[in-house]
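Each chain, letter by letter, is given below.
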Amino acid sequence: MSERLTALRETIRQILPQVDGVIGLKTGPAGIVAPYLFKPGHPEMLDSLALWPKEPVPDTLKIIQKAYPNARLAIVCRGCEERGVVEMFKHAQVSLENLTLIGLQCVQEEALFCRCAKPYTVHARVTVGSPIAGVPDPLTEAFAAKSQAEKLAFWKEQFQHCIKCYGCRNICPQCFCNVCALEDEKWVETGRLPLPNPSLYHIIRAMHMTAKCVACRECEETCPAGIPLAIHFRLVARDVKEMFHYETGAVIEQKPPQLLTLEEGDYERSGLP
Amino acid sequence: MYEPKIIGFLCNWCSYRGADTAGMARMKYPPNVKIIRVPCSGRISPELVLRCFREGADGVMVLGCHIGDCHYANGNHRTAKRMAILRQLLEYNGIEAQRLCVDWVSAAEGEKFATLIASFTEQVRQLAPFVEIMQ
Ligand code: SF4
Ligand code: SF4
Ligand code: FES
C-alpha cells in the first residue's frame, strides 16, 4: 500500500507544474480522508496524500470544472472513478479537455472490499500500481440464485430499514438531474418512508441508473441502513451488456443506449415478443 | 379464482384502434382490462407502471404500434428498451415479470388484441393478487 502511495506522490509531483491543480485524496487534521485539490505552489501538501477510503472524486471534478471551466486539471482515479468521469462526460457533466487522468490501480483487498469486477483503469495514460483481475461479487451471485419468493423477502427485509435519507442518490456521481423523479409526489410520497415492496423509490432509482451506474458502490458505502444497494445496479448492468452491448465507462465514443433508436439486434435480445 | 385487475396502456395510433376493431367486430374478451389511451407507448414511463402496481393492479399491459410503425417514428423503440429492463427489475424485486405485458397491436389486429387480453388475463389470474405481495 505504502509503495503505491509513494509512487502516486511522485507522479503527482511531476504533473503538478504542468497543471492548475490535481484532484486526489488528503488526510485532514482530524484524520479524515477527503477529496482535495493539490496546487502547484504547495507540493508539501502531498505529505498528507491519501489512498483510502475512496471518495466520489468525479463529483469534485464536476464542481471545480463548473467554477473554473478553463482550468487545466489532473485527477487521481481508480477504475470505478475513471468510468464515472467517462459517463459524466457522455452526459455533458464534465469535460475531458484539459484533463489528465492519473489511473490508480486497486489492490486485491480493495477489490475484495468493493466486490469489484474491474478494479483497474483503461483510459488513463498515466498510471500508478499494477492492474489486477476483477473479483466475483458473492452478494450479487447469492441474490441472483434466490427463488422469486426469497428475492421478495430479501428486499422486504432490507428496504424496511431504509429511512429515505436520499443519501444513495446524493452521493451517486451519476445522479445529476435538476429535477428528480424521487422528489415527485406522484411516485414517492413526501413525508413517508418508501413502502418495502414494491419500493418505488428503489426500483425507480435502479431504473434511472440503467446504463449509467459505474459500479463504484458509493451508494452502498453511504447508506446508514447498510442496504446492499449495488445488487440491483449490477444485475441491471449485466442485462444492459447482454441486450444492448453497452458497458459503462468502457468506450468513450459509444453512446449510452437508453435513448434513441434500437440498434441492430437490440430488439431480438430484449426478450420481448 | 379471483378477477385480476389489469391496467392497459394503449397507444392512440395503433393499439387503441386495434381495440376499436375488436369492438366493432363484436369480439368477446374478458372485461378485466381498464384501458387508458396514450399518445404513444413511448409515453409510458416505468414510474407509471410501478404506480399501477402500487395502487393494487395485478397486471399492466403496454401496447403500441409494431416496431417500425410508430406514429412518432421511434417512440416505441424507447418502450422496447425500457420495458425490457423494467421486466428484469421486477424479477429482481421478486415480482413476476409475467405481470407486465409489452406487445404490439396494429389498428387492423382486432383479433390479436382480443386474444392478447384473454391470454394475459388468464396468465395474471394464475398469480397471487398483487395486494398479497405488497403485504
Ligand atoms: S442511503 Fe440507504 S437509507 Fe438512505 S435513502 Fe438510500 S437506501 Fe434508504
Ligand atoms: S454504484 Fe451506486 S453510487 Fe456508484 S454509480 Fe452505481 S448507483 Fe451510483
Ligand atoms: S404511436 Fe403507437 S407506439 Fe408510438
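This text goes with the structure placed above it.
The structure displayed is predicted, hence computed values, not measured ones.

Criteria and thresholds
Residues numbered from 1 in each chain as written. Chains lettered and ligands numbered in written order. Predicted model: local features only at pLDDT ≥ 70, side-chain atom pairs only at ≥ 80, totals over all residues. Heavy atoms only, no water. Pairing = 2+ DSSP bridges. Helix = DSSP H or I, 4+ residues; strand = E, 2+ residues; numbered from the N terminus. Axes fitted to C-alpha atoms, helices over the stretch in contact; angles between N-to-C directions. Contact = heavy atoms within 4.5 Å. Core = buried A, V, L, I, M, F, W, Y, C linked by side-chain atoms within 4.5 Å. Buried < 20%, exposed > 50% of the residue type's maximum accessible area, 1.4 Å probe, protein only.

### Some words on the sheet that holds strand S1 (residues 6-11) of chain B
Residues and elements named next belong to chain B.
- Overall, parallel pairing links the four strands, which are arranged S2-S1-S3-S4 in an open sheet. A single partner strand is all that each edge strand has here, and the edge strands are strand S2 (33-38) and strand S4 (100-104). Strand-to-strand twist in this sheet, taken as the mean axis angle between neighbours without regard to direction, amounts to 20°.
- Bridge count for strand S3 (residues 59-64) against S4 is five bridges, and the pairing is parallel. If you follow Val62 over to S4, its bridge partner there is Val102.
- Against the sheet, helix H2 (residues 46-54) touches S1, S3 and S4, its axis set at about 150° to S3.
- Strands in contact with helix H4 (residues 110-125) are S1, S2, S3 and S4; relative to S3, the strand with the most contacts, it is inclined by about 160°.

### A few points about the nonpolar core
- With 63 residues, the main nonpolar core has Val49, Leu86 and Leu100 of chain B as its most contacted residues.
- Per-element accounting of this core gives the leading share, eight residues, to helix H3 (residues 75-92) of chain B.
- Those residues in contact with Leu100 of chain B that sit more than four places away from it in its chain are Val49, Val60, Val62, Met83, Leu86, Arg87, Leu90 and Phe120 of chain B.
- By size, the runner-up hydrophobic cluster in this structure holds 18 residues, among which are Val57, Leu61, Ile64 and Phe176 of chain A.

### Re the pairing of strand S1 (residues 21-27) of chain A
All names here are of chain A.
- A large share of S1 lies buried, amounting to six of its seven residues.
- Two strands pair when backbone bridges link them, and S1 and strand S4 (residues 73-77) are joined in this way by three bridges, in the parallel orientation. Among the inter-strand pairings, Gly21 is bridged to a residue of S4, identified as Leu73.
- Where S1 lies against strand S2 (residues 33-38), six bridges are found, and the strand directions are antiparallel. The partner of Thr27 across the bridge, within S2, is Val33.
- In textbook terms, the turn of a hairpin is the stretch between consecutive antiparallel strands, and for S1 and S2 this stretch comprises five residues, one of which, Gly31, has a positive phi near 85°.
- Of the pairings in the sheet, the one linking S1 to strand S3 (residues 49-50) comprises two bridges and is antiparallel in character. Bridge assignment links Leu25 to a residue of S3, and that residue is Ala50.

In short, geometric facts, not functional conclusions.
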